[in-house]
Amino acid sequence: MDEDFIVLEGLEKVFQVRRRAGRLRRERREVRAVDGISFTVRRGEMVGYIGPNGAGKSTTIKMLTGILTPSGGRLRVAGVDPSRERTRLARRIGVVFGQRTTLWWDLPLRDSYALMRRMYRIPEARFRENLERCVELLDLGGLLEVPVRQLSLGQRMRGDITAALLHDPDVLYLDEPTIGLDVVSKATVRRFLSGLNATEGTTVLLTTHDLTDIEQLCKRVMVIDEGRLMYDGELSGLHEVGESERTLVVDLERELPPIEGVDGARTVRTDGPRQWLAFPASASAAPIVSQIADGWPLVDLSVREPDIEDVIARMYGAS
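Residues numbered from 1 in each chain as written. Predicted model: local features only at pLDDT ≥ 70, side-chain atom pairs only at ≥ 80, totals over all residues. Heavy atoms only, no water.

Peer 1: Whenever I open this one, the domain arrangement of the protein confuses me. Can you help?
Peer 2: A common measure of how large an interface is: the accessible area buried when the components associate. One can read the domain layout of the protein as domain 1 (4-240) and domain 2 (244-318). For domain 1 versus domain 2, the separation of C-alpha centres amounts to 34 Å. Both faces combined, the contact of domain 1 with domain 2 buries some 1,200 Å², and carbon together with sulfur accounts for 68% of it. Linking domain 1 with domain 2 are 0 salt bridges. Counting across the interface, domain 1 meets domain 2 through 0 residue pairs in polar contact (both at pLDDT 80 or more). (Domains from an automatic or database assignment. Buried area = accessible area lost by both parts, 1.4 Å probe. Salt bridge = Lys/Arg side-chain N within 4 Å of Asp/Glu carboxyl O. Polar contact = N/O pair within 3.5 Å; in protein donor to acceptor, adjacent residues only side chain to side chain.)

Shown next, in the form of structure tokens:
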């Protein structure tokens with residue numbers, strides 16, 4: 001991992017937006033979706049790229065793929081200018097947009113993959129090897145003959161990830177790949193992506209609103225807000241800067257007074273036998289759970305991660 005594979009220097013994207021300024025008049029204003037972002041991603045890294053809605057994440061991804069042309073700055077992916085050499089770059093990247101599919105809606109998965117083999121001119125042997133591996137690891141064996149429109153969201157997402165990897169891309173862009181998925185589907189996707197990065201050395205840039213995706217997959221996280229890069233480092237450091245908190249939801253055998261005296265946590269809400277305790281996101285839940293289990297009639301518990309929006313709001317003193 002000693003090669004800067006993705007390089008952004010002062011990257012900008014400005015949109016001209018018209019809006020009404022009276023009954024007969026419209027005025028034009030500039031919207032800076034991406035405002036002078038600079039960062040590098042080394043070959044083989046898996047990096048989380050997070051931020052609230054409208055922060056500029058998807059706009060950045062679209063410039064990285066060549067869909068959008070930057071308004072300013074410099075951008076290179078594997079030494080290629082994406083907007084000028086989009087076709088050349090397409091053979092080296094894979095893209096998954098969680099809210100859209102690259103598959104043919106009325107065709108079975110197998111037929112969609114066969115079309116992609118022709119589009120990317122993938123050698124037959126390599127195509128079969130990649131398809132078989134993805135089918136096994138993403139549990140698609142019984143779905144290859146099913147039309148895409150009949151797939152569940154989780155099934156379609158696994159199908160889209162397979163489609164993005166058939167041509168052996170060097171870099172994979174994932175835009176909300178687990179949005180709307182159930183717990184089992186999320187676990188399958190995360191396990192697959194972790195293995196892909198470890199065994200194939202695929203560079204991955206992941207945008208998501210689910211902090212668990214980041215925690216389980218990425219050592220490095222970048223935060224974008226209002227088009228600007230606000231943080232670049234480890235997730236633990238982000239929690240420390242933002243003073244974010246996780247929530248321990250505790251179900252007791254019966255209604256009791258608020259839990260007190262637990263080191264590292266405080267009760268923030270009670271509702272009958274259920275209580276909510278907040279503790280620093282950078283801390284381990286294990287000693288807190290142990291104290292509660294020793295001192296109270298515990299029935300069940302779960303840990304809720306902080307929302308990304310809440311972490312960023314705390315970082316910059318917003319409410």
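Peer 1: Looking at this structure, how should I read the sheet that holds strand E9 (residues 228-233)?
Peer 2: Strand pairing in a sheet relies on backbone hydrogen bonds, with the paired strands running either antiparallel or parallel. The strand order across the open sheet built from 6 strands is E5-E6-E7-E3-E8-E9, with neighbouring strands paired in mixed fashion. Unpaired on one side and paired on the other, strand E5 (93-97) and E9 mark the two borders of the sheet. Sheet twist, expressed as the mean angle between neighbouring strand axes with direction ignored, is 15°. Bridge analysis of E5 against strand E6 (residues 171-175) gives 5 bridges, and the strand direction is parallel. Note that in E6 the partner of Phe97 across the bridge is Asp175. (Pairing = 2+ DSSP bridges. Helix = DSSP H or I, 4+ residues; strand = E, 2+ residues; numbered from the N terminus. Axes fitted to C-alpha atoms, helices over the stretch in contact; angles between N-to-C directions.)

Peer 1: Whenever I open this one, the nonpolar core confuses me. Can you help?
Peer 2: One recurring pattern in soluble globular proteins: nonpolar side chains tend to sit buried together. Core analysis: the largest hydrophobic core is formed by 45 residues, its most contacted members being Leu109, Tyr113, Ile161, Leu172, Leu193 and Leu238. In terms of residue count, helix H5 (residues 153-165) provides more of this core than any other element does, 5 residues in total. The residues contacting Leu109, other than those within four sequence positions of it, are Leu103, Leu140, Leu143, Leu144, Val146, Val148, Leu151 and Gly159. Membership of the second largest hydrophobic core comes to 27 residues, among which are Leu75, Val77, Val80 and Phe97. (Core = buried A, V, L, I, M, F, W, Y, C linked by side-chain atoms within 4.5 Å. Buried < 20%, exposed > 50% of the residue type's maximum accessible area, 1.4 Å probe, protein only. Contact = heavy atoms within 4.5 Å.)

Peer 1: Is there a simple way to think about the sheet that holds strand E1 (residues 4-20) in this case?
Peer 2: Strand order in the open sheet made by the 3 strands is E2-E1-E4, with antiparallel pairing throughout. Strand pairing shows two members of the sheet lacking a second neighbour, strand E2 (26-42) and strand E4 (72-77), which therefore form its edges. Between one strand axis and the next, the sheet turns by 30° as a mean value, whatever way the strands run. Direction of pairing for E1 relative to E4: antiparallel, over a ladder of 5 bridges. Within E4, the residue paired with Glu12 across the bridge is Gly72. Contacts between helix H1 (residues 57-65) and the sheet are confined to E1, E2 and E4, with E1 contributing the most and set at about 120° to the helix.

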